[in-house]
Amino acid sequence: MLSRKLKLILLNSIAIMFINQQINASNGFDEFTMDELLELSLDKLIKIKIITVATGSEQTVTQAPASTTVITAQDIETMGAHSLDEILESVPGMHISLSELRFAPLYNVRGMYSSNNYEILMMVDGIPIKSVVDGMRGSRRESWSPPPIQYIQRIEIIRGPGSALYGADAVAGVVNIITKTAKDIQQPEAGLRVASHQTYNAWVLHNSKINDIEIVVSIDYLTTDGHRETVYEDIQTQLDTSSSTAISEAPGRAYLQKRQLSINSSISKGDWRLGLNAVKVDDAGAGLGEPLVISPEEYYKTDHYQADLTYHNLDFTKDWETKFQLSYRNLVDQGFSAYTVRPGGVRNQSAYPYGSPNNTGYYQQQARLNLSGQYHGFKNHRIRLGLGYLYADLYKTTWAFLLTRDNPLMVDSKSIGYFLLPENIRQNRSFVIQDAWQLTPNLELTTGLRYDWYSDFDSTTNPRIALVWQTSKSLTTKLLYGQAFRAPSFTEMYTPLNRIEVGNPNLQAESSETWELIFDYRVNKELHLGLNLFDYKVKDKIQRRLLTLEDRTVYMHDNIGT
């Protein structure tokens with residue numbers, strides 16, 4: 001049993017993470033009294049969970065002005081999870097499923113989701129992971145791969161709107177994956193996992209120190225034949241019925257194999273941290289892919305490179321905490337629908353006897369700059385200010401396809417006036433202000449506002465207000481209001497008229513507003529009960545509508561849904 005003096009030292013070490021707060025029932029550790037804290041074992045004391053994603057400042061989960069969950073590396077090890085999806089499935093109010101066509105994970109938060117999963121913002125070390133092509137985390141099913149499980153230090157989740165702090169796409173929720181630094185790794189680690197469906201996963205996690213420079217390197221290699229998802233009917237099944245053919249492979253398996261190499265590194269010195277990440281995915285099955293047909297020949301590959309530099313100083317001056325973050329991300333998605341050797345073709349066997357071959361590619365780069373500071377020189381107030389800039393560049397698109405049955409060679413679409421998606425640039429400038437006001441020892445009011453200006457659609461302003469009341473020693477009550485928005489993707493805005501679905505350059509952002517009432521009851525040190533009541537409304541939802549042109553009918557994206 002730890003001595004009271006040693007526990008007080010440990011509590012003081014934990015408490016320095018809280019700005020201008022005391023260790024008492026009203027601040028920082030409002031779940032516990034001082035006597036209860038002193039009675040906790042070391043293991044339980046360390047398990048007090050801290051979250052930053054709710055306000056940008058470190059708080060306990062109960063104190064945070066949002067519906068939040070923290071999953072630590074120890075939690076992940078305890079649950080025996082092998083993927084991010086398995087981890088997130090354990091979060092209350094969140095459900096993970098697979099899309100029907102591409103078998104990509106869909107994150108359903110409080111019943112809010114769509115086929116492309118626009119509504120949830122995924123971040124790694126505070127950096128958003130979003131594709132400007134279609135608003136997903138990548139342009140294809142496995143375009144983005146999360147950090148390896150063994151490299152994750154903790155995951156912070158918000159259920160509900162987060163645009164007042166994080167901007168676009170934080171409509172249903174926010175997930176921030178925080179990776180390990182050298183202090184999180186006691187010794188070098190290595191592992192090998194063998195599973196069904198010819199799945200092999202080998203990894204190494206190494207830390208070292210050179211003078212005062214701390215280095216972490218994670219290498220993870222995975223190869224798998226993919227789980228055996230059965231497809232009972234595809235588009236070719238319907239064509240076979242109408243044309244009395246038997247070309248479709250359905251019922252049959254969806255091809256979900258892949259090979260993936262992930263290399264992650266963290267270099268830290270004092271208040272500085274440099275992150276370097278590279279992910280290479282090859283021979284990844286596309287599910288039903290673009291033609292919505294079972295095809296073993298269709299696959300894609302992805303190259304993802306990212307570098308980020310972070311400076312975080314808790315005591316920049318007497319009353320200021322500052323954080324600076326600069327990041328660059330380059331993402332290349334290439335999809336291939338190769339020639340089929342089966343008799344006849346896919347979708348239209350008279351026009352395409354060789355199948356439906358395509359070679360598509362999206363090349364994009366994103367540069368982000370964020371500067372934030374928290375001022376705690378005012379009594380009972382913590383004021384946060386932030387500035388942000390995003391430069392997103394879709395600098396190259398490629399599309400080649402089989403033109404006619406008499407021309408069995410791939411034709412560059414641009415040579416005949418057809419475009420997959422034109423190259424484009426989007427810029428975003430943002431400003432954030434937030435105030436956490438301790439009204440009484442048991443009552444805190446958090447208000448915030450974020451303004452976003454975009455170069456290709458109108459600006460948007462999103463406020464938030466949260467009242468957190470320590471109702472009793474065991475009960476915390478939260479009343480929350482927030483607005484959020486989703487930025488239209490390049491596909492929704494700029495897809496040319498040579499496609500079936502066309503873009504609308506006059507689109508505006510989707511918007512939503514959410515009310516929440518939360519009761520968090522601590523039955524004892526081991527058991528917490530929570531009740532969340534919420535109501536949200538979406539406006540200007542982007543949906544397709546039929547549009548009749550002179551010679552044909554197309555689907556155009558428009559702000560028509562609620």
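Residues numbered from 1 in each chain as written. Predicted model: local features only at pLDDT ≥ 70, side-chain atom pairs only at ≥ 80, totals over all residues. Heavy atoms only, no water.

**Regarding the overall build of the protein**
If you tally the helices and strands in the protein, you get eight helices and 30 strands. The buried share among the 562 residues of the protein stands at 51%. Contacts in the protein between residues far apart in sequence, at least 24 positions, make up 61% of those at least 6 positions apart. Put simply, the protein shows about 26,000 Å² of open surface, and 56% of that area lies on carbon and sulfur atoms. (Helix = DSSP H or I, 4+ residues; strand = E, 2+ residues; numbered from the N terminus. Buried < 20%, exposed > 50% of the residue type's maximum accessible area, 1.4 Å probe, protein only. Contact = heavy atoms within 4.5 Å. Areas by Shrake-Rupley, 256 points an atom, 1.4 Å probe, with all protein chains shown as cover.)

**A word on the nonpolar core**
The biggest cluster of nonpolar side chains holds 27 residues, and the ones touching the most others in it are L84, L88, M94, Y107, I155, V175 and I177. Residues within four places of M94 in sequence aside, it is in contact with L88, E89, Y107, N108, V109, I120 and V175. Core analysis: the second largest hydrophobic core is formed by 15 residues, V133, L394, M493 and L507 among them. (Core = buried A, V, L, I, M, F, W, Y, C linked by side-chain atoms within 4.5 Å.)

**Describing the side chain of T460**
For T460, the location among the structural elements is in strand β24 (residues 460-469). Accessibility expressed as a relative area gives 14% for T460, which makes it buried. Within the local environment of T460, its side chain forms a polar contact with the side chain of N462, the two groups lying 3.2 Å apart. Not counting residues within four places of it along the chain, the set of residues in contact with T460 comprises R450, Y451, D452 and F485. (Polar contact = N/O pair within 3.5 Å; in protein donor to acceptor, adjacent residues only side chain to side chain.)

**Observations concerning the pattern of salt bridges**
Under the defined criterion, the tally for this structure stands at 14 salt bridges. R382 is the salt-bridge partner of E444, the closest N and O atoms lying 3.1 Å from each other. Placement of the pair is E444 in strand β23 (residues 443-454) and R382 in strand β20 (residues 381-404), with a sequence separation of 62 residues. The partner of R426 in a salt bridge is D456, and the shortest N-O contact between them spans 3.0 Å. With R426 in strand β22 (residues 424-440) and D456 in the loop between β23 and β24, this residue pair connects regions lying 30 residues apart in the sequence. In this pair, the class of R426 matches that of D456, namely buried. (Salt bridge = Lys/Arg side-chain N within 4 Å of Asp/Glu carboxyl O.)

**Comments concerning the packing of aromatic side chains**
If you walk through the whole model with that rule in mind, you get nine aromatic pairs. Ring geometry for Y375 and F378: centres 5.1 Å apart, planes at 75°, overall edge-to-face. Taken together through their ring pairs, the aromatic side chains of W320, Y375 and F378 make up a single cluster. In this structure, K396 is placed above the aromatic ring of Y363, and the distance from its NZ or CZ to the ring centre is 4.8 Å. A cation over an aromatic ring shows up here: R486 above the ring of Y118, its NZ or CZ 3.7 Å from the ring centre. (Phe/Tyr/Trp six-rings, centres within 6.5 Å; stacked < 30°, edge-to-face > 60°. Lys NZ or Arg CZ within 6 Å of the ring centre and 35° of its normal.)

**Some thoughts on the confidence of the model for the protein**
Mean pLDDT for the protein: 83, with 85% of residues reaching 70 or above. Low pLDDT, under 50, characterises residues 9-31; the stretch is placed with 60 contacts to residues that sit more than four places away or in other chains. Predicted confidence is poor over residues 349-354, with pLDDT under 50, and the contacts of this stretch with residues over four places away or in other chains come to 20 contacts. (pLDDT = per-residue confidence, 0-100.)

**Focus: the environment of A307**
Assignment of secondary structure puts A307 in strand β17 (residues 298-313). By relative accessible area, A307 is classed as partly exposed at 29%. The spacing of A307 and S266 is 41 residues in sequence and 9.9 Å in space, taken between C-alpha atoms.

**Re empty space enclosed by the protein**
To find leftover empty space, a probe the size of one water molecule is rolled over the atoms. Scanning the model with the defined rule gives six cavities of 30 Å³ or more in all. Estimated volume of the largest cavity: approximately 180 Å³. Every residue lining the largest cavity is counted, 21 residues in all, and those nearest its centre are P65, A66, P161, G162 and R464. Of all the secondary structure elements, the ones that give two or more residues to the lining of the largest cavity are β8 (152-159), α6 (163-166), β24 and β25 (475-486). Residue composition of the lining of the largest cavity, by class: twelve nonpolar, six polar and three charged. (1 Å grid on protein atoms, 1.4 Å probe; cavity = no way out; pocket = protein on both sides within 12 Å on 5 of 7 lines; lining within 4 Å. Points joined across faces, edges and corners; volume = space filled by probe spheres on them. Nonpolar A, V, L, I, M, F, W, Y, C, P; charged D, E, K, R; others polar.)

**Notes on a nonpolar patch on the surface**
Nonpolar side chains collect at one region of the surface, where L371, L385, L387, F431, I433, L449, Y451 and W453 lie side by side and expose about 680 Å² of accessible area between them. If you list the elements that add at least two residues to the nonpolar patch, you get β20, β22 and β23. A per-element tally of the nonpolar patch places β23 first, with three residues. Along the chain, the position of W453 falls in strand β23. (Patch = residues over 30% accessible without salt bridge, like charges linked within 9 Å, V, L, I, M, F, W, Y side chains within 5 Å.)

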